[in-house]
Amino acid sequence: MNKRVLVTGGAGFIGSHLCARLLKEKNDVLCVDNFFTGSRSNVSDLVGNPSFELLRHDVTFPLYVEVDEIYNLACPASPIHYQRDPVQTTKTSVVGAINMLGLAKRLRVRILQTSTSEVYGDPDVHPQPEDYRGRVNITGPRACYDEGKRCAETLFFDYQRQHRLPIRVARIFNTYGPRMHPNDGRVVSNFIIQALTGEPITLYGDGQQTRSFCYVDDQVDGLVRLMGVDQDIPVPVNIGNPTEITIAELAHRIVAMCHSRSVISYRPLPQDDPTQRCPDISRARDLLHWKPKVDLEDGLRRTIAYFDALLTRSSAEIHA
Ligand code: NAD
Ligand code: UDP
Ligand code: UDP
């Protein structure tokens, strides 16, 4: 029988890919979003599908619906978005988690939380395994996101222990691909747009900080597999691509792939910017038999093609 699946934050970047994947697997999808950072256009291809329903709703308010499974993605994810209204960011993570857990508890259904590598803060263990407890600055500008997500994890594991709720917690590492926001300040979208338009590439700090970038299809596959495991999972699971790269190297690669003449423009490093980040994915390999399939070159090529088409479309609209 088809499942009816709730995806909160379903009109966002990862959420829209997840909705598409779930529909492809013949599920009914209820996408709930308040459009804080997501948009109808992200799911415009899905809207005519009779198995897809879109509901404008803020997860900090209770939600009474009937579903068989819940993916809780609602939360702004990029620093400029989650720092725009930091109090709302923490509320979304914490109160949103309580409401979605309450819903899952009433329905006795599986619920998956998209947590984040940010729970590790600026890590002094490298790469980061799930049992590393992190180094988050509790009072800094990133804390609304990091601590909100940490508290949400606590709630998930307490609902599991206290109410025997079937929960899943994925710790997502930097993910990129088509439908990333053009203006959310994330490094992959910034660099691609700057390279395609010939603008200077804004490299923060000396560019020696590292990240590990996971293509969105791999990310969604990891989330779906984690949800599908038919046993209790009393631990969080890292989902990310362990290929690590410095931000300076990423800038050079993107400039070369876009055949761009953009120059590098050095800018100050934002406060609390982690110096290194790379997932240890042994647990995902063992539990989910999952590993990323799309390498950075291929993923960047697909993402560059997306932004190229987007820029061509918007310039055609401006000149129309
Ligand atoms: P996104 O900003 O594109 O999507 C988040 C969605 O949640 C948006 O559509 C937004 O409108 C919606 N939303 C925000 N607050 C809401 C609220 N109160 N009620 C209802 N909807 C709300 O971000 P994304 O990159 O797609 O991230 C999805 C999830 O994955 C987030 O929970 C994020 O923390 C997590 N994550 C993402 C990354 C990444 O690299 N993209 C890394 C780690 C974790
Ligand atoms: N909740 C919801 N939908 C439901 C059931 C609960 O949004 O179908 C919310 C409700 O606002 C509640 C929260 O989830 O405050 C937590 O629910 P739980 O049953 O865990 O706690 P309680 O209702 O006892 O506070
Ligand atoms: N970054 C950069 N230039 C930009 C945007 C980001 O050098 O225009 C750097 C940023 O300082 C960080 C890395 O790229 O070290 C990844 O930033 P992003 O905001 O994409 O993700 P996060 O910091 O949340 O991992």
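What you see is a predicted model; the values in this text were computed from it and never measured.

Thresholds, definitions, all that
- Residues numbered from 1 in each chain as written.
- Chains lettered and ligands numbered in written order.
- Predicted model: local features only at pLDDT ≥ 70, side-chain atom pairs only at ≥ 80, totals over all residues.
- Helix = DSSP H or I, 4+ residues; strand = E, 2+ residues; numbered from the N terminus.
- Rg over C-alpha atoms; globule rule 2.2 N^0.38 Å.
- Buried ≥ 20, exposed ≤ 12 C-beta atoms within 10 Å, placed from the backbone.
- Contact = placed C-beta atoms within 7 Å.
- Near = placed C-beta within 6 Å.
- Nonpolar A, V, L, I, M, F, W, Y, C, P; charged D, E, K, R; others polar.
- Axes fitted to C-alpha atoms, helices over the stretch in contact; angles between N-to-C directions.
- Left-handed = near helix turned anticlockwise from the far one by under 90°.
- Core = buried A, V, L, I, M, F, W, Y, C linked by C-beta atoms within 7 Å.
- Pairing = 2+ DSSP bridges.
- Expected span 1.5 Å × (residues − 1).

A description of the overall build of the chain should follow, citing residues and the corresponding values.
Across its full length, the chain holds nine helices and 13 strands. Its C-alpha atoms give the chain a radius of gyration of 19 Å, within 12% of the compact-globule value 20 Å for 320 residues. For the chain, the spread of C-alpha atoms along the three principal axes comes to 55 × 50 × 40 Å. Looking at the chain residue by residue over its 320 residues, the buried ones come to 46%. Here the analysis covers contacts within the chain between residues at least 6 apart in sequence; of these, 80% occur between residues at least 24 apart.

Could you give an account of the site of ligand 1, naming the residues involved and the relevant values?
Taken together, 28 residues sit near ligand 1, with Gly 9, Gly 12, Thr 37, Gly 38 and Ala 74 positioned nearest. Where the shell around ligand 1 is concerned, the elements lending two or more residues are helix H1 (13-24), helix H3 (86-107) and strand S5 (110-116). Per-element tally for the shell around ligand 1: the top contributor is H1, with three residues. Grouping the constituent residues of the shell around ligand 1 by class yields 12 nonpolar, 14 polar and two charged.

Any details on the packing of helix H5 (residues 187-197) against helix H7 (residues 247-257)? Residues and values, ideally.
At a closest axis distance of 9 Å, the pairing of H5 and H7 adopts a crossing angle of 35 degrees. Considering only the axes of H5 and H7, their crossing is right-handed. Contact residues: H5 offers Val 187, Phe 191, Ile 192 and Ala 195, while H7 offers Ile 247, Leu 250, Ala 251, Ile 254 and Val 255. Along the lines of polarity and charge, the residues of the contact of H5 with H7 split into nine nonpolar, no polar and no charged.

Tell me about the nonpolar core, and name the residues and values.
Within the largest apolar cluster, 76 residues are counted, with the highest numbers of intra-cluster contacts made by Val 7, Cys 19, Cys 31, Phe 191, Ile 192 and Leu 223. Those residues in contact with Cys 31, other than ones at most four positions away along the chain, are Val 7, Gly 10, Ala 11, Cys 19, Val 43, Phe 52, Glu 53, Leu 54 and Leu 55.

Provide a residue-level description of unusual backbone geometry, including the pertinent values.
Cis peptide bonds are those with omega within 30 degrees of zero, and the linkage from His 126 to Pro 127 qualifies with -10 degrees. In this structure, Pro 127 sits in the loop between S5 and helix H4 (143-163). At Arg 179, a residue that is not glycine, the phi angle is positive and equals roughly 75 degrees. Examined against the element boundaries, Arg 179 turns out to sit in the loop between strand S7 (175-176) and H5. Despite not being glycine, Asp 272 has its phi angle at roughly 65 degrees, a positive value.

Now, about the sheet that holds strand S6 (residues 167-172): what can you tell me, with residues and values included?
With parallel pairing, seven strands are arranged side by side in an open sheet as S3-S2-S1-S4-S5-S6-S11. Two strands close off the open sheet at either side, each with one partner strand: strand S3 (52-56) and strand S11 (237-239). Taken pair by pair, the neighbouring strands of this sheet meet at an average axis angle of 20 degrees, ignoring direction. Judged from the six bridges that link them, S5 and S6 form a sheet pairing that is parallel. Across the sheet, Thr 114 pairs through a bridge with Ala 170, a residue of S6. On top of the sheet, H4 reaches S5 and S6; it is set at about 155 degrees to S5, its chief contact.

So what's going on with the environment of Val 5? Residues and values would help.
Its location among the elements puts Val 5 in strand S1 (residues 4-8). Residue classification places Val 5 among the buried positions, given that 25 C-beta atoms sit within 10 Å. Here the alpha-carbon distance between Val 5 and Glu 69, two residues 64 residues apart in the chain, equals 4.9 Å. Once residues lying within four places of it in the same chain are set aside, the contact partners of Val 5 are Leu 22, Asn 27, Asp 28, Val 29, Val 67, Asp 68, Glu 69 and Tyr 71.

Account for the environment of Leu 101, naming residues and giving values.
Tracing the backbone shows Leu 101 in helix H3. Linking Leu 101 and Ile 70, residues 31 residues apart in sequence, is a C-alpha distance of 9.2 Å. Setting aside anything within four residues of it in sequence, one finds Leu 101 in contact with Ile 111, Leu 155, Phe 156, Tyr 159 and Leu 165.

Got a sec to walk through helix H9 (residues 296-319)? Specific residues and values, please.
If you check H9, its first and last C-alpha atoms are 34 Å apart, about what 24 residues at 1.5 Å a residue would give, namely 34 Å. Leu 296, Gly 299, Leu 300, Thr 303, Ile 304 and Phe 307 are the residues of H9 that are buried. In this structure, the buried residues of H9 make contact with S7, H5, strand S10 (214-215), strand S12 (244-246) and H7.

Keep in mind these values describe shape, not function.
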